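Residues per chain are reported as follows:
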Amino acid sequence: MKTPLSRTFMETFLGSAPGWYKLTIIGFLVINPVLMLTAGTFVAGWALIAEFIFTLAMALKCYPLPAGGLLAFEAIVMGLTTPETVYHEALKNFEVILLLIFMVAGIYFMKDFLQFTFTRILVRIQSKKVISLLFCLAGAFLSAFLDALTVTAVIMAVAFGFYNVYHRFVSGSAQTDAHDLISDDAVKEANRNELLQFRGFLRNLMMHGAVGTALGGVCTLVGEPQNLLVGSEMGWHFVPFFLHAAPVTLPVLAIGLLTCLLVEQFHMFGYGYQLPGNIRSYLLETAIEMEKKGGSKAKLKLALQMLTGIWLILALAFHLAAVGLIGLSVIVLLTAFTGITEEHQLGHAFMEALPFTALLVVFFSIVAVIHSQELFHPIISFVLSLQGHDQLAAYYIANGLLSSISDNVFVATVYISETKLHFIQVLNAIPGIGMTGQELMSKMTDPHLARADVLATLPPAVAQQVYETMHHFDKLAVAINTGTNIPSVATPNGQAAFLFLLTSALAPVIRLSYGRMVMLALPYTITMSLTGLFAVYAFL
């Protein structure tokens, strides 16, 4: 008997996504043209944003690219924006696209050194509090210069490797046999409690490390994709970005590390699991054996990766080239000197980032709709009608709430671009600037021009007004960046590193569910978000 065509279509459309999700997306695609014809483009545009946020929030059911891409494609067909506008948005953010393509791939070739670092921390240190703090610190430091997803992937690889070795040992399974890590049926009764402790211990460390990537990622230009988006709009290089954000990011970093110690000390929110002594001994023996097997070739690779890491940090700090090109230099150096010369070996490095790069261009399509239809104009106008510190706090809260339920890159893209358009109009309204507001904004946010030199070409009274306008814009940019980065640790939807961990092969092995991750993130969400809000209000 033949399968009906409609059923075949539903089985292939969006693949393994749940049936209700597929029907919802089809419903969106059907209702959007109806809304545009009956209620107008403004209402249809807002419906599109809500639908797109839905696809981001449901990322665990279906990666947002296919469903979100269909919505964006339909929006262009309906005339809510044009392909030229989408292209302009993508071109304007080309440096971010380069970052995702080359920097993430470059860090892939440094995984051995990163894995060596985290392995040493895990097996050589006795105190759980010190291990937790070091995982958090290492995640923060590495994510400030590298890519949060790669750092998270390395931490996961260390945990998965050790769990695999121990689970096989207590199940009586050889290291070469096929083995189900999720099932405990074959685990010896005497080892079950220790295994539960080990799982809890790894869950704790994964969360400390993942939160660490958020703590460090917010601090620098390359820490998160939205940082580079904001930085490129403002004309900030690596050091200026760090200095502008530091009044908020450094207090949050300190409180985040203190939270790490407190939850471990008082065993709160699911933290406080200890690593049983005999498991530590077994893992230490395994690590030593692995290091011996590597020999001099492995040591040379580690040294080369460490030296390349130093080059990366210096090149970023002194802005020797665009961030993506520095990432490309890392790929060239490490592949050349470590003997990676076959195309399929190189291909694996790009697999991690390219799906998100494609999704980012879909983001830009939705942003193009927002610009074309002026959808955010009423909201931006309301927030900007507030005065002083209230306005900064409102920006931080609005970005934080939206980033918790959707994607922080998308939220940052929308807010920074819409706010910049507003400030172009503000500059345009200042009499005597001798050029358009757009031309003056381009000069004031040109990373190759000093603002003081641009201001010196203006009449003194006008220069002071322009300086105050741009100074306030700087503060709002920091509020946008910290708002999208810090409160978004509340859910896996907001932080790419959290979502990456939750959808990995490690999550079911260590029993890390969505709800459990939200609970483990809760103390960090509370302390970091409130500290960020206070710092935005008091220090900016």
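Data block above holds the structure.
Keep in mind it's a predicted model, so treat the numbers as computed, not measured.

S.K.: Give a detailed account of the overall build of the protein, specifying residues and quantitative values.
M.R.: Along the backbone of the protein there are 25 helices and zero strands. For the protein, the C-alpha radius of gyration of 25 Å lies close to 24 Å, the compact-globule estimate for 540 residues. Projecting the C-alpha coordinates of the protein onto the three principal axes gives extents of approximately 80 × 70 × 50 Å. Within the protein, buried positions represent 52% of all 540 residues. Excluding contacts between residues fewer than 6 apart, the proportion of contacts in the protein whose partners are at least 24 apart in sequence is 76%. In the structure as shown, the protein presents an accessible area of about 22,800 Å², 68% of it carried by carbon and sulfur atoms. Distance between charge centroids for the protein: 12 Å, based on 27 positive and 32 negative side chains.

S.K.: Lay out the side chain of Glu74 with the relevant residues and their values.
M.R.: By the element assignment, Glu74 lies in helix α4 (residues 64–78). Put simply, Glu74 is tucked away with no salt bridge, and the nearest opposite charge, on Lys22, sits 19 Å away. Setting aside residues up to four positions removed in sequence, Glu74 forms contacts with Phe28, Leu29, Asn32 and Pro33.

S.K.: Tell me what's going on with the packing of aromatic side chains, and back it up with residues and numbers.
M.R.: Following the criterion strictly, the structure yields 17 aromatic pairs and no others. On the basis of an interplanar angle of 80° and a centroid distance of 5.7 Å, the ring pair of Tyr166 and Phe198 is categorised as edge-to-face. Of the two residues, Tyr166 sits in helix α9 (residues 148–171) while Phe198 sits in helix α10 (residues 192–217), which places them 32 residues apart along the sequence. Residues Tyr166 and Phe198 agree in their burial class; the two are buried. In textbook terms, an aromatic cluster arises when at least three aromatic residues are bridged by ring pairs, as seen for Trp20, Tyr21, Phe28 and Phe54. One residue, Arg203, lies across the ring of Tyr273, its end atom 5.5 Å from the ring centre.

S.K.: Summarise the nonpolar core; cite the residues concerned and give the values.
M.R.: Core analysis: the largest hydrophobic core is formed by 163 residues, its most contacted members being Phe118, Phe198, Met206, Phe410 and Val466. At eleven residues, α10 tops the list of elements feeding residues into this core. Residues contacting Phe118, with those up to four places away along its chain left out, are Phe135, Ala138, Gly139, Leu142, Val151, Val154, Ile155 and Val158.

The rules behind each value
- Residues numbered from 1 in each chain as written.
- Predicted model: local features only at pLDDT ≥ 70, side-chain atom pairs only at ≥ 80, totals over all residues.
- Heavy atoms only, no water.
- Helix = DSSP H or I, 4+ residues; strand = E, 2+ residues; numbered from the N terminus.
- Rg over C-alpha atoms; globule rule 2.2 N^0.38 Å.
- Buried < 20%, exposed > 50% of the residue type's maximum accessible area, 1.4 Å probe, protein only.
- Contact = heavy atoms within 4.5 Å.
- Areas by Shrake-Rupley, 256 points an atom, 1.4 Å probe, with all protein chains shown as cover.
- Lys, Arg positive; Asp, Glu negative; His and termini not counted.
- Charge placed at Lys NZ, Arg CZ, Asp CG, Glu CD.
- Salt bridge = Lys/Arg side-chain N within 4 Å of Asp/Glu carboxyl O.
- Phe/Tyr/Trp six-rings, centres within 6.5 Å; stacked < 30°, edge-to-face > 60°.
- Lys NZ or Arg CZ within 6 Å of the ring centre and 35° of its normal.
- Core = buried A, V, L, I, M, F, W, Y, C linked by side-chain atoms within 4.5 Å.

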